[in-house]
Amino acid sequence: MPLRHFAATALGCAMVLSVTATSADAASPTPTRATAAQVCTPGGPNSVIKGTNVTMRDTPGGRWVGTAQNGDCVYWYAAISGPSAVCPDGRVSHVWHDVFNYRLLVRGWVSDCFF
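Residues numbered from 1 in each chain as written. Predicted model: local features only at pLDDT ≥ 70, side-chain atom pairs only at ≥ 80, totals over all residues. Heavy atoms only, no water.

**Some thoughts on the nonpolar core**
Step number 1: Listed in full, the 11 residues of the largest apolar core are Ile49, Val54, Met56, Ala68, Val74, Cys87, Val99, Val106, Val110, Cys113 and Phe114.
Step number 2: Not counting residues up to four positions away in its chain, the partners in contact with valine 99 are Met56, Val74, Tyr75, Trp76, Tyr77, Val106, Arg107, Gly108, Val110 and Phe115.
Step number 3: In terms of nonpolar packing, the next biggest core, distinct from the first, is built from five residues, Cys73, Tyr77, Phe100 and Tyr102 among them. (Core = buried A, V, L, I, M, F, W, Y, C linked by side-chain atoms within 4.5 Å. Buried < 20%, exposed > 50% of the residue type's maximum accessible area, 1.4 Å probe, protein only. Contact = heavy atoms within 4.5 Å.)

Next comes the structure, spelled out in structure tokens:
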């Protein structure tokens, strides 16, 4: 008997997992660190972060979920218009990218300033 099943049974509790996916999520592969080295060629759905201490957010302009670093490989899902962000070079961007960071194993929104 697997340890997780045994622990749940021994404690008299049930573990229920629920996953909600959109059609875009269902169509894309589930990125992992193991596949990052193989797929991190910029182009297509893969991109590289250009910037240091880049804040990843739960929504465009939202709360912190992780900190990306220069050269981090990300899997790109979508881009939308959102709150303005002032880029390090002084330009202003309203574009936010929904990405999965292979190094952090975190999905979040990153300003277009860092692509």
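That shown, we press on.
**Comments concerning the packing of aromatic side chains**
Step number 1: Enumeration according to the criterion identifies two aromatic pairs in this entry.
Step number 2: Between phenylalanine 100 and tyrosine 102, the ring centres sit 5.9 Å apart and the planes meet at 85 degrees, which makes this aromatic pair edge-to-face. (Phe/Tyr/Trp six-rings, centres within 6.5 Å; stacked < 30°, edge-to-face > 60°.)

**Details of the environment of aspartate 98**
Step number 1: With respect to the helices, strands and loops of the structure, aspartate 98 is situated in strand 5 (residues 92-101).
Step number 2: Considered as a pair, aspartate 98 and proline 60 are 38 residues apart in the sequence and their alpha carbons are 8.5 Å apart.
Step number 3: Filtering out sequence-adjacent residues up to four positions away, aspartate 98 remains in contact with Tyr75, Trp76, Tyr77, Ala78, Arg107, Gly108 and Trp109. (Helix = DSSP H or I, 4+ residues; strand = E, 2+ residues; numbered from the N terminus.)

**Looking at the pattern of salt bridges**
Step number 1: Under the definition given, this model contains four salt bridges.
Step number 2: With its nearest N and O atoms 2.9 Å apart, the salt bridge here joins aspartate 72 to arginine 103. Taken as a pair, aspartate 72 in the loop between strand 3 (64-68) and strand 4 (73-86) and arginine 103 in the loop between strand 5 and strand 6 (106-111) lie far apart in primary sequence, 31 residues in all.
Step number 3: On the basis of relative accessible area, arginine 103 is assigned to the partly exposed category, the value being 38%. (Salt bridge = Lys/Arg side-chain N within 4 Å of Asp/Glu carboxyl O.)

**Some remarks on the state of the cysteines**
Step number 1: Tallied over the entire structure, the rule returns one disulfide.
Step number 2: Covalently, cysteine 87 is tied to cysteine 113 through a disulfide, its sulfur atoms 1.9 Å apart. Residues cysteine 87 and cysteine 113 share a disulfide whose torsion about the S-S bond is about -70 degrees; that sign makes it left-handed. Of this pair, cysteine 87 sits in the loop between strand 4 and strand 5 while cysteine 113 sits in the segment after strand 6; the two residues are 26 residues apart in sequence, bridging distant segments of the chain.
Step number 3: Judged by relative accessible area, which is 5%, cysteine 87 ranks as buried.
Step number 4: You can call cysteine 113 buried: its relative accessible area is 11%. (Disulfide = S-S within 2.5 Å.)

**Remarks on unusual backbone geometry**
Step number 1: The backbone of asparagine 53 shows a phi angle near 55 degrees, a positive value even though the residue is not glycine.
Step number 2: With respect to the helices and strands, asparagine 53 occurs in the loop between strand 1 (46-48) and strand 2 (54-57).
Step number 3: Classification of asparagine 53 as exposed rests on a relative accessible area of 51%.
Step number 4: Its identity is not glycine, yet leucine 105 carries a phi of approximately 60 degrees, on the positive side.
Step number 5: Looking at the secondary structure, you find leucine 105 in the loop between strand 5 and strand 6.
Step number 6: On the basis of relative accessible area, leucine 105 is assigned to the partly exposed category, the value being 41%.

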